[in-house]
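Now for the letters of each chain:
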Amino acid sequence: MSSASPSLPIHPVILSGGVGSRLWPLSREAYPKQFLDVAAGGRTLVQQTLERLVDLPGLAAPMVVCNQAHRFLVAEQLRDSPLGTARILLEPVGRNTAPAVAVAALQALQTSDDAILAVFPADHLVAQPAHLREAVTQAIEAAHAGGLVTFGVVPHRPETGYGYIEAGETVGGGPARAVRQFVEKPDAETARAYLDSGRFYWNSGMFVMRASAYLQALRTHAPAILEACEAAVAGAEQDMDFVRLDAAAFERCPAESIDYAVMEPTDAAVTLALDAGWSDLGSWATLMEAAERDAAGNALMGDVLTRDSHNNYVRAESRLVATVGLEDHVVVETADSVLVAPRGQVHAVKGIVEQLRADGRSEALEHREVHRPWGSYEGLVRAARFQVKRIIVHPGSRLSLQMHHHRAEHWVVVQGTARVTRGDEEFLLGEDQSTYIPLGTVHRLENPGMIPLELVEVQSGSYLGEDDIVRIEDRYGR
């Protein structure tokens, strides 16, 4: 391993993938768990991921690699990031973690001759961020020396839901240890043996490495990934605050994890022990383990009443949930769905999501409240030929100039001021004022004010689907 100057900039890289299946119904494909306040602490997981790095010295502006469908969610949630304006790299398709880190490394090398990448999934929980920062500082030293560093979480139980790292001898005179092997999720007996040995750690999926060292490892062990990512970055286009990777090039990229593509075959892999209250929040059971509990062992969130109930996770998002005589269960209520499952079977929720997708049901994709770059809308009532929505438009935002072939719309303003374009007209509406948009009329809704615009929309017609939109002009490039 070669030494390097300790002055290299540190580039936080946040991997914001995921399809929202393991924490359904709270998490959905269009709104996966990293964008949710799953721990009820007031901040979403992606916000916490960046905020826990604040006190590290030498940080460059962060990079976030995400699905292009989530671009406005990322931009909105990181608008006030304490680490500065994030560079958001848009993947046209998911290709796992090895390509995601590769495009981030290539981007980092465009701004500095060399750089250290500090790579973190956006959907993990770290209860003791100071311990993580200390471990990252140690990892940076190992990365300067050429190591590809991964964090091994000190195990506290014989966990069968995580992969493991076996650590070997120390390297370079510091706390880093060579990686002997990565192993898949074990059975209970093997997990107990791993715990007892003291050599095995949970695989955290977090990394620190020099960008150039990672790309060289790809060139050696997975050249097809590097070639496709180089082409995707070379053909990338700037779109507002986003970097759109070249779709054709990125789609040619093999889909492989960083462990499989690089960390397993390389001889530069090292691991550092991490004991910081880490969890990947991969199921309702692991989320319960990270939550505070009452005297009966229940983790309760929202408007919840319990009687003679023990060791449950009960979460109410939109209404009262009451349990009587319930033991060892998970109950999660949202505005449109309720999950009830024994704690030991919550992993099977993925099968429910697959069934919903197969049936073409919207509950797999999105919540009743749907977020858009201009604000949000929420379905209140739906019938055969009409539906009622609550619409919120952020200050200064506007919807696309559009028309509908199959529906007319009535708008009633309940808060704020609306600027309405209707055919050749343009006018303002205040609170308690309304207007009508006939079928086939070109129209636009805009919020020119300083407070959120809220209105009730009644749609009527033969077809009410969201795909009945002809966009004539759209600032968001849809």
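Our subject is the structure that appears above.
Residues numbered from 1 in each chain as written. Predicted model: local features only at pLDDT ≥ 70, side-chain atom pairs only at ≥ 80, totals over all residues. Heavy atoms only, no water.

1. Some details on the overall build of the protein chain
So, point 1. Looking only at helices and strands, one finds 11 helices and 30 strands in the protein chain.
So, point 2. Here the C-alpha atoms of the protein chain give a radius of gyration of 25 Å, agreeing with the 23 Å that 2.2 N^0.38 yields for 478 residues.
So, point 3. Relative to its full complement of 478 residues, the protein chain shows a buried share of 51%.
So, point 4. A sequence separation of at least 24 residues applies to 68% of the contacts in the protein chain between residues at least 6 apart.
So, point 5. Roughly 21,000 Å² of accessible area belongs to the protein chain as shown, and the carbon and sulfur atoms make up 49% of that amount.
So, point 6. Taking the 42 positively charged and 62 negatively charged side chains of the protein chain as two groups, their mean positions are separated by 2 Å. (Helix = DSSP H or I, 4+ residues; strand = E, 2+ residues; numbered from the N terminus. Rg over C-alpha atoms; globule rule 2.2 N^0.38 Å. Buried < 20%, exposed > 50% of the residue type's maximum accessible area, 1.4 Å probe, protein only. Contact = heavy atoms within 4.5 Å. Areas by Shrake-Rupley, 256 points an atom, 1.4 Å probe, with all protein chains shown as cover. Lys, Arg positive; Asp, Glu negative; His and termini not counted. Charge placed at Lys NZ, Arg CZ, Asp CG, Glu CD.)

2. Concerning helix α7 (residues 223–234)
So, point 1. Helix length check: α7, at 12 residues, gives a terminal C-alpha distance of 16 Å against a target of 16 Å (1.5 Å per residue), a fit within 8%.
So, point 2. Within the span of α7, buried status applies to Ile225, Leu226, Ala228, Cys229, Ala232 and Val233.
So, point 3. Each element contacted by the buried residues of α7 is listed here: α3 (97–111), α6 (211–221), α8 (247–251) and α9 (258–263). (Expected span 1.5 Å × (residues − 1).)

3. Some points on the sheet that holds strand β16 (residues 313–316)
So, point 1. Pairing in this open sheet of four strands is mixed, and the strands run β14-β16-β18-β19 from one edge to the other. In this open sheet, the two strands that pair with only one neighbour each are β14 (299–301) and β19 (338–342). The sheet shows a mean angle of 5 degrees between the axes of neighbouring strands, direction not considered.
So, point 2. Relative to strand β18 (residues 329–333), β16 is paired through four bridges, and the arrangement is parallel. (Pairing = 2+ DSSP bridges. Axes fitted to C-alpha atoms, helices over the stretch in contact; angles between N-to-C directions.)

4. Here we look at the nonpolar core
Nonpolar side chains in soluble globular proteins generally cluster together in the buried interior.
So, point 1. In terms of nonpolar packing, the biggest core is built from 90 residues, with Phe151, Val208, Trp284, Tyr313 and Leu445 touching the most fellow members.
So, point 2. A per-element tally of this core places helix α4 (residues 129–144) first, with seven residues.
So, point 3. If you look at the next biggest cluster of nonpolar residues, it comprises 47 residues, including Leu117, Leu226, Leu245 and Ala268. (Core = buried A, V, L, I, M, F, W, Y, C linked by side-chain atoms within 4.5 Å.)

5. So, the pattern of salt bridges
So, point 1. This structure, assessed with the given rule, holds 28 salt bridges.
So, point 2. Two residues, Glu29 and Arg357, come together in a salt bridge whose shortest N-O distance is 3.6 Å. Of this pair, Glu29 sits in the loop between β1 (10–16) and α1 (45–51) while Arg357 sits in helix α11 (residues 349–358); the two residues are 328 residues apart in sequence, bridging distant segments of the chain.
So, point 3. Judged by its relative accessible area of 33%, Glu29 falls in the partly exposed class.
So, point 4. The exposure class assigned to Arg357 is partly exposed, which follows from its relative accessible area of 35%.
So, point 5. Linked through salt bridges whose partners overlap, the residues forming this network are Glu166, Glu169, Arg180 and Arg199. (Salt bridge = Lys/Arg side-chain N within 4 Å of Asp/Glu carboxyl O.)

6. Section: the packing of aromatic side chains
So, point 1. Throughout the structure, instances matching the rule amount to eight aromatic pairs.
So, point 2. Ring centres 6.1 Å apart and planes at 55 degrees place the aromatic pair Tyr31 and Phe35 in the tilted group.
So, point 3. On the accessibility criterion, Tyr31 (13% relative accessible area) is buried.
So, point 4. Residue classification places Phe35 among the buried residues on the basis of a relative accessible area of 2%.
So, point 5. Here the aromatic rings of Tyr194 and Phe200 are separated by 4.0 Å at their centres, their planes lie at 15 degrees, and the arrangement is stacked.
So, point 6. Accessibility expressed as a relative area gives 6% for Phe200, which makes it buried.
So, point 7. Chaining the aromatic ring pairs together yields one cluster made of Phe72, Phe242 and Tyr476.
So, point 8. The ring of Tyr377 carries the charged tip of Lys389 above its face, separated from the ring centre by 4.2 Å. (Phe/Tyr/Trp six-rings, centres within 6.5 Å; stacked < 30°, edge-to-face > 60°. Lys NZ or Arg CZ within 6 Å of the ring centre and 35° of its normal.)

7. Remarks on the sheet that holds strand β20 (residues 369–372)
So, point 1. Reading across the sheet, the six strands line up as β20-β21-β22-β29-β24-β27 and stay open at both edges, with antiparallel pairing between neighbours. This sheet does not close on itself; its edge strands, each paired only once, are β20 and β27 (434–437). Direction aside, neighbouring strands of the sheet carry axes that sit 20 degrees apart on average.
So, point 2. The pairing of strand β21 (residues 375–382) with strand β22 (residues 386–393) spans seven bridges and is classified as antiparallel. Counted as the bridge partner of Gly379 is Lys389 from β22.

8. Brief notes about the pairing of β18
So, point 1. Taken across its five residues, β18 has four buried, putting it largely inside the fold.
So, point 2. Bridge count between β18 and β19: five bridges; the pairing is antiparallel. Along β19, the bridge assignment pairs Val331 with Val340.
So, point 3. The antiparallel hairpin formed by β18 and β19 contains four residues in its connecting segment.

9. Quick notes on the side chain of Glu333
So, point 1. One can find Glu333 in strand β18.
So, point 2. Residue Glu333 is classed as buried on the basis of its relative accessible area, which comes to 2%.
So, point 3. Within the structure, the side chain of Glu333 is placed 2.8 Å from the backbone nitrogen of Glu317, a separation counted as a polar contact.
So, point 4. At 2.4 Å, the side chain of Glu333 and the side chain of Ser318 are in polar contact.
So, point 5. Each residue touching Glu333, except ones within four places of it in the same chain, is listed here: Arg315, Ala316, Glu317, Ser318, Arg319, Val321 and Val338. (Polar contact = N/O pair within 3.5 Å; in protein donor to acceptor, adjacent residues only side chain to side chain.)

10. A closer look at a nonpolar patch on the surface
So, point 1. Taken together, Leu380, Val381 and Phe386 make up a surface patch of nonpolar side chains, about 240 Å² in accessible area.
So, point 2. Relative to the helices and strands, Leu380 resides in strand β21. (Patch = residues over 30% accessible without salt bridge, like charges linked within 9 Å, V, L, I, M, F, W, Y side chains within 5 Å.)

11. Overview of the environment of Asn447
So, point 1. As for its placement among the helices and strands, Asn447 is situated in the loop between β28 (443–446) and β29 (453–461).
So, point 2. For Asn447, a relative accessible area of 0% gives the class buried.
So, point 3. A sequence separation of 48 residues divides Asn447 from Leu399, and the C-alpha atoms of the two residues are 9.1 Å apart.
So, point 4. Within the local environment of Asn447, its side chain forms a polar contact with the backbone nitrogen of Gly449, the two atoms lying 2.9 Å apart.

No statement about biological role is implied by the geometric values presented.
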